[in-house]
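# Architecture at a glance
So you can see what is in the structure, the chains are spelled out below.
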Amino acid sequence: MSKKILILAGDGVGPEITREARKLLDALVDAGDLALEIELGAFGGAAIDEHGVPLPDASLELAREADAVLLGAVGGPKWEAIERVRRPEQGLLALRAELGVFANLRPAVLYPGLEAASTLRPEVVQGLDIMIVRELTGGIYFGEPRGITENAEGEREGRNTLIYSEGEIERICRVAFEIAAKRNGRVCSVDKANVLEATELWRTVATEVGVGYPEISLSHMYVDNAGMQLAREPRQFDVMVTSNLFGDILSDLAAMLTGSIGMLPSASLDANNKGVYEAIHGSAPDIAGKGIANPLATLLSVAMMLRYSLEASELADQVEAAVSTVLKQGLCTADIMSSGCREVGTAEMGDAVIAAL
Ligand code: IPM
Ligand code: MG
């Protein structure tokens, strides 16, 4: 049965990296490995320019109908002055909320050969393989009340609300435990339970869920310590599960351990494994249109899409292996350059991965 995919290229380097993803998907279809219907939609700043909003109804409708959505990137200086509710980033948050993709999987894997690209010593990061499971549709990103108002003294006051229900914590913890069961059997739940009640509940519920997974070892860590431990000895972690805001911060930190944020994919899944897939890097306006952006994070996001939403895990393995092969051949985009590498652009890197398949 043919599956429906929506590509939302968005802004900055989004169009050029999703072009490589499209090439890869077309190659899999041509090889007879996959049957796909691919649609394109307007999103982010590009959609603001064209339709006045970052997530037009037509794009949301296509996203609802699709089995999986592949995102490029959103945002850029051009749209930073617009009022908050109409900015490109709001389109991304609305898409996550509307599709209910609460489970954000952000693997931080150091590919052999890229040890020198990390700012940490090679012996600290060699073989690194962490999975960060970030709650994506709740917490302080979405909590009400929120806003900037004036208090009784006539002073401006900014307010956001950190709120998690038991059910929200439980379902994201389950995702983390299930993933750990297929990996190394360890979950570290990250909170700030010494200060924040909402995360005290997080710790309690994580512990309760853990009772149902006796084969998984569960530990808890305060987020400040977790940041330190990621920089100190990152290989102690297998699966980390945490709230929306903490996950946002820790996943950028973990990304940098692997040498380049240009390498890391992500999947955001709902309860039925419908997903939104995107590189975790942003729109990189400084290099947009130059043909030098690293497409590997997006190609690895396609691999995650194959695995989680398209029931094609063998193809996912093949795409990941092809990426490894290309890196072993010494091909590098500018962001992962080190001595002994041959520098290639976005399209050449995409072609090399397809050739290695
Ligand atoms: C991410 C990004 C987004 C987030 C922004 C662009 C809204 O930083 O996906 O990590 O904060 O979730
Ligand atoms: Mg982020």
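## Some words on the packing of helix α8 (residues 223–232) against helix α9 (residues 244–257)
For the pair α8 and α9, the least separation of the axes is 10 Å and the interaxial angle reads 10°. It follows from the interaxial angle that α8 and α9 lie roughly parallel. Here Val 223, Ala 226, Gly 227 and Leu 230 of α8 come into contact with α9, specifically with Phe 246, Leu 250, Leu 253 and Leu 257. Considered class by class, the residues forming the contact of α8 with α9 number seven nonpolar, one polar and no charged.

## Quick look at the state of the cysteines
Throughout this description, disulfide means a covalent bond between two cysteine sulfur atoms. Counted according to the given criterion, the structure contains one disulfide. Between Cys 332 and Cys 341 runs a disulfide, and the two sulfur atoms are separated by 2.4 Å. By relative accessible area, which is 1% here, Cys 332 ends up buried. With no disulfide of its own, Cys 173 has Cys 188 as its nearest cysteine by sulfur position, at a separation of 11 Å.

## Details of the packing of aromatic side chains
The final tally for this structure, using the stated rule, is two aromatic pairs. On the numbers, 5.3 Å between centres and 70° between planes, the contact of Tyr 164 with Trp 202 is edge-to-face. Of this pair, Tyr 164 sits in the loop between β7 (156–159) and α6 (166–181) while Trp 202 sits in helix α7 (residues 197–211), and the two are 38 residues apart along the sequence. Its guanidinium or amino end placed over the ring of Tyr 141, Arg 134 lies 5.3 Å from that ring's centre, counting from NZ or CZ. Positioned over the ring face of Phe 102 is Arg 171, at 4.1 Å from the centre of the ring.

## Digging into the site of ligand 1
Residues in close proximity to ligand 1 include Glu 89, Leu 92, Arg 96, Arg 106, Arg 134, Tyr 141 and Asp 248, which together make up its full environment. Within the side chain of Arg 96, one N or O atom sits 2.7 Å away from an oxygen atom of ligand 1. Within the side chain of Tyr 141, a nitrogen or oxygen atom sits 2.5 Å from an oxygen atom of ligand 1. Across the complex, the protein chains shield 74% of the 320 Å² of accessible surface that ligand 1 would expose by itself. Here the shell around ligand 1 takes three residues from helix α4 (residues 88–99), the largest share from any one element. Class assignment for the residues of the shell around ligand 1 results in two nonpolar, no polar and five charged. When residues of the shell around ligand 1 are sorted by domain, at least three fall in each of domain 1 (1–102 + 271–357) and domain 2 (103–269).

## Here we look at the pattern of salt bridges
Taken as a whole and assessed by the stated rule, the structure comprises 19 salt bridges. Of the charged contacts in the structure, one is a salt bridge between Asp 224 and Lys 192, with a shortest N-O distance of 3.2 Å. Of the two residues, Asp 224 is situated in helix α8 and Lys 192 in the loop between β8 (186–191) and α7; the sequence distance between them amounts to 32 residues. When its relative accessible area of 48% is taken as the criterion, Asp 224 is described as partly exposed. A salt bridge links Glu 348 to Arg 342; its shortest N-O distance comes to 3.1 Å. Residue classification places Glu 348 among the partly exposed positions, given a relative accessible area of 37%.

## What to know about the domain arrangement of the protein
Domain assignment breaks the protein into domain 1 (1–102 + 271–357) and domain 2 (103–269). Across the contact, 31 residues belong to domain 1 and 32 residues belong to domain 2. Of the roughly 2,700 Å² buried where domain 1 meets domain 2, counting both sides, 68% is carbon and sulfur surface. Viewed at the interface, domain 2 and domain 1 are joined by zero salt bridges. Where the side of domain 1 that touches domain 2 is concerned, the elements lending two or more residues are α4, β12 (275–278), α10 (296–308) and α11 (313–328). In terms of residue class, the side of domain 1 that touches domain 2 is made up of 17 nonpolar, nine polar and five charged.

About the cut-offs
- Residues numbered from 1 in each chain as written.
- Chains lettered and ligands numbered in written order.
- Predicted model: local features only at pLDDT ≥ 70, side-chain atom pairs only at ≥ 80, totals over all residues.
- Heavy atoms only, no water.
- Axes fitted to C-alpha atoms, helices over the stretch in contact; angles between N-to-C directions.
- Helix = DSSP H or I, 4+ residues; strand = E, 2+ residues; numbered from the N terminus.
- Parallel < 35°, antiparallel > 145°, perpendicular 65-115°, else oblique.
- Contact = heavy atoms within 4.5 Å.
- Nonpolar A, V, L, I, M, F, W, Y, C, P; charged D, E, K, R; others polar.
- Disulfide = S-S within 2.5 Å.
- Buried < 20%, exposed > 50% of the residue type's maximum accessible area, 1.4 Å probe, protein only.
- Phe/Tyr/Trp six-rings, centres within 6.5 Å; stacked < 30°, edge-to-face > 60°.
- Lys NZ or Arg CZ within 6 Å of the ring centre and 35° of its normal.
- Near = heavy atom within 4 Å.
- Polar contact = N/O pair within 3.5 Å; in protein donor to acceptor, adjacent residues only side chain to side chain.
- Areas by Shrake-Rupley, 256 points an atom, 1.4 Å probe, with all protein chains shown as cover.
- Domains from an automatic or database assignment.
- Salt bridge = Lys/Arg side-chain N within 4 Å of Asp/Glu carboxyl O.
- Buried area = accessible area lost by both parts, 1.4 Å probe.

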